[in-house]
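Notes for the structure review
Here's the letter readout for the chains.
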Amino acid sequence: MNEVLEQLKAGVRRFQTEVYPQNAEMFLHAASERQRPHTLFITCADSRIDPNAITSTGPGEVFVTRNIGNMVPPYGEMLGGVSAVIEFAVDSLEVKHIVVCGHTQCGAMNALLAPESTANMPTVTSWLKNAHAALGVAKTLHERKAQLGFADGQVGLLTEQNVLLQMQHLKTHPSVAAAVVAGKLTISGWVYNIGTGEVEVAEDGQNQFTSIIDVE
Ligand SMILES: [Zn+2]
């Protein structure tokens, strides 16, 4: 018997008997019309991130794409899954907002700081190049802060700089650039803290992340 598959099937049965009946109206409504998500949520593939849970959203609200390190290859360099999702979300679904969400304890950020750890994974190594500019910035900031007596961890700085870099990459995509200039689309960068549940946000044009708790 395949234990993992059986565990997954048990989960589906529980969903069908417990979760679905309580929310049947919502699911039927979601199925009755074309999806109209207001947000494209780009985040890491890390299994500890639950985009719907952390934004208190339900079916139909958030269009999600995930990959290692929540990266957005610049337009034209790696046309594939991520760029197709972005184009579809902006041009067809007409999302109003795009979130690039990084997180604490990110394996991709740790791998960038210890490249030997992915030496036997050529595809991962190649993918991580999408964050190399952030790595350079984070290292410089780390050195500068250390000289000033601040002990900001390198991985935390890299996590933030990676989100800011991917927001820049996002704007190299023609659909995004056009929608932003037309005032139809806004972008924000997030860092989600897995252990505490906190989220820090940098709006487009900001270089600093601010806790959502502080804002309200
Ligand atoms: Zn991650």
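Here, the structure is the one placed above.
The present account deals with the structure reproduced in this document. As the structure is a computational prediction, the values presented were derived from the model and not from experiment.

Taken together, the protein ligands of the zinc ion are Cys-44 (SG), His-103 (NE2) and Cys-106 (SG), with distances of 2.0 to 2.3 Å. Written as a sequence motif, the donor residues of the zinc ion are C-x58-H-x2-C. Of this pair, Cys-44 sits in strand 1 (residues 39-44) while His-103 sits in strand 3 (residues 97-103), and the two are 59 residues apart along the sequence. Each member of the pair, Cys-44 as well as His-103, carries the same accessibility label: buried.

What follows deals with the pairing of strand 4 (residues 186-192). For strand 4, a buried count of six out of seven residues is recorded, marking the element as mostly surrounded by other parts of the structure. Across seven bridges, the pairing between strand 3 and strand 4 is parallel. Residue Val-100 lies in a different strand from strand 4, and its bridge partner there is Gly-189. Direction of pairing for strand 4 relative to strand 5 (residues 199-203): antiparallel, over a ladder of five bridges. Residue pairing across strands places Trp-190 opposite Val-201, the latter belonging to strand 5. Connecting the antiparallel pair strand 4 and strand 5 is a turn made up of six residues, with Gly-197 showing a positive phi of about 80°.

For the rest of this paragraph, the subject is the sheet that holds strand 2 (residues 62-67). Reading across the sheet, the six strands line up as 2-1-3-4-5-6 and stay open at both edges, with mixed pairing between neighbours. At either margin of the open sheet sits one strand with a lone partner, and together these are strand 2 and strand 6 (210-211). Relative to strand 3, strand 1 runs parallel, the two being bridged by five bridges. Within strand 3, the position partnered with Phe-41 by the bridge is Val-99. Sheet contacts for helix 4 (residues 81-92): strand 1, strand 2 and strand 3; angle to strand 2, the most-contacted strand, approximately 170°. Helix 8 (residues 154-170) rests against strand 1, strand 3, strand 4 and strand 5 of the sheet, and its axis sits at about 160° to strand 4.

Its 12 residues give helix 4 an end-to-end C-alpha distance of 16 Å, which sits within 8% of 16 Å, the value for a rise of 1.5 Å per residue. Those residues of helix 4 lying buried are Val-82, Ser-83, Ile-86, Ala-89 and Val-90. The arc enclosing the buried residues of helix 4, seen along the axis, measures out at 135°, which places them on a common side. Pointing more than 90 degrees away from the buried face of helix 4 are the exposed residues Gly-81 and Asp-91.

The next thing to look at is helix 7 (residues 132-147). Helix length check: helix 7 (16 residues) gives 23 Å between terminal C-alpha atoms against 22 Å at 1.5 Å per residue, within 8%. Among the residues of helix 7, those classed as buried are Ala-134, Leu-135 and Ala-138. The buried residues of helix 7 occupy one face: seen down the axis, they fall within an arc of 100°. Turned more than 90 degrees off the buried face of helix 7, the exposed positions are Glu-143 and Gln-147. In the core, the buried residues of helix 7 are packed alongside helix 5 (107-113) and helix 8. Positioned one or two residues after helix 7, Gly-149 has a phi angle of 90°, which is positive.

Secondary-structure assignment places Trp-190 in strand 4. The spatial distance from the C-alpha of Trp-190 to the C-alpha of His-38 is 17 Å, given a sequence separation of 152 residues. Filtering out sequence-adjacent residues up to four positions away, Trp-190 remains in contact with Phe-41, Thr-55, Val-99, Val-100, Cys-101, Gly-102, Val-163, Val-199, Glu-200, Val-201 and Phe-209.

On to the nonpolar core. Most often, soluble globular proteins keep nonpolar side chains buried together rather than apart. Among the nonpolar cores identified, the biggest contains 49 residues, and Ile-86, Ile-98 and Leu-170 are the most heavily contacted of them. Examining the composition of this core, we find that seven residues originate from one element, helix 8, more than from any other. Setting aside chain neighbours within four positions, we find Ile-86 in contact with Leu-40, Ile-42, Val-72, Leu-170, His-173, Ser-175 and Val-176.

Here we come to the pattern of salt bridges. A complete count under the given rule lists three salt bridges for this structure. Linking Glu-6 and Lys-9 is a salt bridge whose minimum nitrogen-to-oxygen distance equals 3.4 Å. On the criterion of helical spacing, the pair formed by Glu-6 and Lys-9 is a turn pair, its members being three residues apart in helix 1 (residues 3-22). Its salt-bridge partner being Asp-204, residue Lys-171 comes within 2.8 Å of it at the nearest N-O pair. Note that Lys-171 is positioned in the loop between helix 8 and helix 9 (174-181) and Asp-204 in the loop between strand 5 and strand 6, a separation of 33 residues in sequence. With relative accessibility at 35%, the residue Lys-171 sits in the partly exposed group.

Cut-offs and rules
Residues numbered from 1 in each chain as written. Predicted model: local features only at pLDDT ≥ 70, side-chain atom pairs only at ≥ 80, totals over all residues. Heavy atoms only, no water. Donors = N, O, S within 2.8 Å, 3.2 Å for Na, K, Ca; no water. Helix = DSSP H or I, 4+ residues; strand = E, 2+ residues; numbered from the N terminus. Buried < 20%, exposed > 50% of the residue type's maximum accessible area, 1.4 Å probe, protein only. Pairing = 2+ DSSP bridges. Contact = heavy atoms within 4.5 Å. Axes fitted to C-alpha atoms, helices over the stretch in contact; angles between N-to-C directions. Expected span 1.5 Å × (residues − 1). Arc of directions from axis to C-beta. Core = buried A, V, L, I, M, F, W, Y, C linked by side-chain atoms within 4.5 Å. Salt bridge = Lys/Arg side-chain N within 4 Å of Asp/Glu carboxyl O.

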